[in-house]
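One letter stands for each residue in the lines below.
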Amino acid sequence: MDVEKILMEGIVFKGSKPVTKGREGKGVKTKAKKKTYITGLHGSGSAKMKAEYRRRKENRHKKS
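No experiment lies behind these values; they were computed from the predicted model shown.

Calculation notes
Residues numbered from 1 in each chain as written. Predicted model: local features only at pLDDT ≥ 70, side-chain atom pairs only at ≥ 80, totals over all residues. Heavy atoms only, no water. Salt bridge = Lys/Arg side-chain N within 4 Å of Asp/Glu carboxyl O. Helix = DSSP H or I, 4+ residues; strand = E, 2+ residues; numbered from the N terminus. Buried < 20%, exposed > 50% of the residue type's maximum accessible area, 1.4 Å probe, protein only. pLDDT = per-residue confidence, 0-100.

Attention now moves to the pattern of salt bridges. Here the idea is simple: oppositely charged side chains can pair when their charged atoms come close. Counted by the stated rule, this structure contains 2 salt bridges. In this structure, the salt-bridge partner of Glu-52 is Arg-55, at a minimum N-O distance of 2.5 Å. Of this pair, Glu-52 and Arg-55 both sit in helix 3 (residues 45–59), separated by 3 residues, roughly a single helical turn. Here Glu-52 falls in the partly exposed class, since its relative accessible area comes to 24%.

Moving on: the confidence of the model for the protein. For the protein, per-residue confidence averages 75 on the pLDDT scale, and residues scoring 70 or more make up 67% of the total. No element of the protein has a lower mean pLDDT than helix 2 (residues 35–39), at 69, and none a higher one than helix 3, at 86.

Dropping the structure here:
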């Protein structure tokens, strides 16, 4: 019976979920991407070290 229904009506795929208004402009989803974590401002020693590594990497090929 299901096969006949599919042959007669076809397969209908549902669309994606609608975007809620609260999350439209916010692309940051993880803690690691937030500004305070990247710059090491929130106090974690790990974040401070990672921020230092990022700063060194940015300045690696800059000419002074």
